[in-house]
Amino acid sequence: MKSDSFIKNFYDKGFVVAKKVFSKKEIRSIFSQINSIKKKSIKLKNPNMHFTSDNKLNTIHDINKYVKSGPMINLSKSKKMLNIVENILGEKAKVRNIEFFLKPKKTGMRAPLHQDNYYWNIKNKKALNAWIACSKANYKNGGVYYYSGTHKGGLKKHILSKEPGSSQKIPQKYLNKKIKKTYPNLEPGDCIFHHCEIIHGSKRNNSNLDRIGLVISYKGSSAVIDKKKLRSYRKKVKKNLNFLKK
Ligand SMILES: O=C(O)CCC(=O)C(=O)O
């Protein structure tokens, strides 16, 4: 059971960090599955994977469509995770998507500013991302950053990112310059829980250290998808992919 201040932080700031959620052993077990996930994604031509300029995998989305068992799946459905997520959402929850943001050293790509719910289209916002650090992740190696409190302002207009990995973005100029930007400083095993409408992003990884995040997205039992908006979003994703193919 998480404390009231932990939950309050989530709703006040739009994100909250839980330290040492997973042990080194648990993180090692995730690493033991990464290579087979990469191979499977490549073999099955997952349309939602993206490579860096030196041909390393940067992002793999929709992993749960291809991988049905193993340590990563066990972790995503573990009591430990579900308890925290259900505590935050205040209702039963289940996994909706699993992604890796592998962000290799030197060439790892940025994730432009966005709100996840612009992609997910969940009407009552009963959904969140759990960002699990499998390496150190911070300001220096392209760690995720957040604009505190921006989940309270509703969805902002997004435009095509024309970048791989995150198809839509919020232009920086739409943001109030006074809003505080925070880079959580994570050790392997730490976990960020972020609201589906918090504005966030990450910079390129110019450092000498890979920045590896396993991102599990959960939705509450009352979450309902706005199908019309989802259809329109999917068209935009296609547009972005077509732009990148040119
Ligand atoms: O890991 C990153 O660089 C971006 C992650 C992200 O956008 C997310 O978890 O929603």
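This text goes with the structure placed above it.
Computed from a prediction, not measured in an experiment: that's the story for all the values here.

Here the focus is the overall build of the protein chain. Within the protein chain, the regular secondary structure consists of 6 helices and 13 strands. The C-alpha atoms of the protein chain give a radius of gyration of 17 Å, which matches the 18 Å a tight globule of 246 residues would have. For the C-alpha atoms alone, the extent of the protein chain along its principal axes is close to 50 × 40 × 35 Å. The 246 residues of the protein chain split such that 41% are buried. When contacts within the protein chain are restricted to residue pairs at least 6 apart in sequence, those whose partners lie at least 24 apart make up 86%.

This brings us to the site of the ligand. Every residue close to the ligand is listed here: Phe-101, Ala-111, Asp-116, Asn-129, Trp-131, Val-144, His-200, Ser-202, Gly-213 and Val-215. Elements represented by at least two residues in the shell around the ligand include exactly strand E6 (127–133), strand E12 (199–202) and strand E13 (213–220). Its residues placed into classes, the shell around the ligand shows 5 nonpolar, 4 polar and 1 charged.

In this section: helix H4 (residues 79–89). For H4, the complete set of buried residues consists of Met-81, Ile-84, Val-85, Ile-88 and Leu-89. All buried residues of H4 fall inside an arc of 125 degrees around its axis, so they share one side. Residues of H4 that are exposed and point more than 90 degrees away from the buried face comprise Lys-79 and Lys-80. One or two residues past the end of H4 sits Gly-90, with phi positive at roughly 75 degrees.

So, on to the nonpolar core. Formed by 53 residues in total, the largest nonpolar core has its most connected members in Val-85, Leu-128, Ala-130, Ile-132, Phe-193 and Leu-214. Examining the composition of this core, we find that 6 residues originate from one element, E6, more than from any other. Apart from residues no more than four positions distant in its own chain, Val-85 is found in contact with Ala-93, Leu-128, Ala-130 and Tyr-218.

What follows covers the environment of Ile-192. One can find Ile-192 in strand E11 (residues 191–195). C-beta crowding within 10 Å serves as the criterion here: with 24 such atoms nearby, Ile-192 is assigned to the buried category. Taking the C-alpha atoms as reference points, Ile-192 and Val-144, separated by 48 residues in sequence, lie 9.5 Å from one another. Residues within four places of Ile-192 in sequence aside, it is in contact with Phe-15, Val-17, Trp-131, Val-144 and Pro-184.

Let us look at the sheet that holds E6. Spatially, E1-E11-E6-E13-E4-E3-E2 is the arrangement adopted by the 7 strands of the open sheet, whose pairing is antiparallel. Looking at which strands have only one partner, the edges of the open sheet turn out to be strand E1 (15–18) and strand E2 (49–51). The sheet shows a mean angle of 20 degrees between the axes of neighbouring strands, taken without regard to direction. By the bridge criterion, 3 bridges tie E2 to strand E3 (residues 57–60) in an arrangement that is antiparallel. The partner of Phe-51 across the bridge, within E3, is Leu-57. Those strands touched by helix H1 (residues 4–13) are E1 and E11, and its axis lies near 145 degrees from that of E1. Sheet strands touched by H4: E1, strand E4 (93–101), E6, E11 and E13. Its angle to E6, the strand with the most contacts, is close to 140 degrees.

With that settled, the discussion passes to the sheet that holds strand E5 (residues 111–114). Note: strands within a sheet are paired through backbone hydrogen bonds, in either parallel or antiparallel orientation. Read from one edge of the open sheet, 4 strands run E5-E12-E7-E10, paired in antiparallel fashion. Bordering the open sheet on either side are E5 and strand E10 (181–182), each of which pairs with just one other strand. One ladder, built from 4 bridges, connects strand E7 (residues 144–147) with E12; its direction is antiparallel. The partner of Tyr-145 across the bridge, within E12, is Gly-201.

Rules behind the numbers
- Residues numbered from 1 in each chain as written.
- Predicted model: local features only at pLDDT ≥ 70, side-chain atom pairs only at ≥ 80, totals over all residues.
- Helix = DSSP H or I, 4+ residues; strand = E, 2+ residues; numbered from the N terminus.
- Rg over C-alpha atoms; globule rule 2.2 N^0.38 Å.
- Buried ≥ 20, exposed ≤ 12 C-beta atoms within 10 Å, placed from the backbone.
- Contact = placed C-beta atoms within 7 Å.
- Near = placed C-beta within 6 Å.
- Nonpolar A, V, L, I, M, F, W, Y, C, P; charged D, E, K, R; others polar.
- Arc of directions from axis to C-beta.
- Core = buried A, V, L, I, M, F, W, Y, C linked by C-beta atoms within 7 Å.
- Pairing = 2+ DSSP bridges.
- Axes fitted to C-alpha atoms, helices over the stretch in contact; angles between N-to-C directions.

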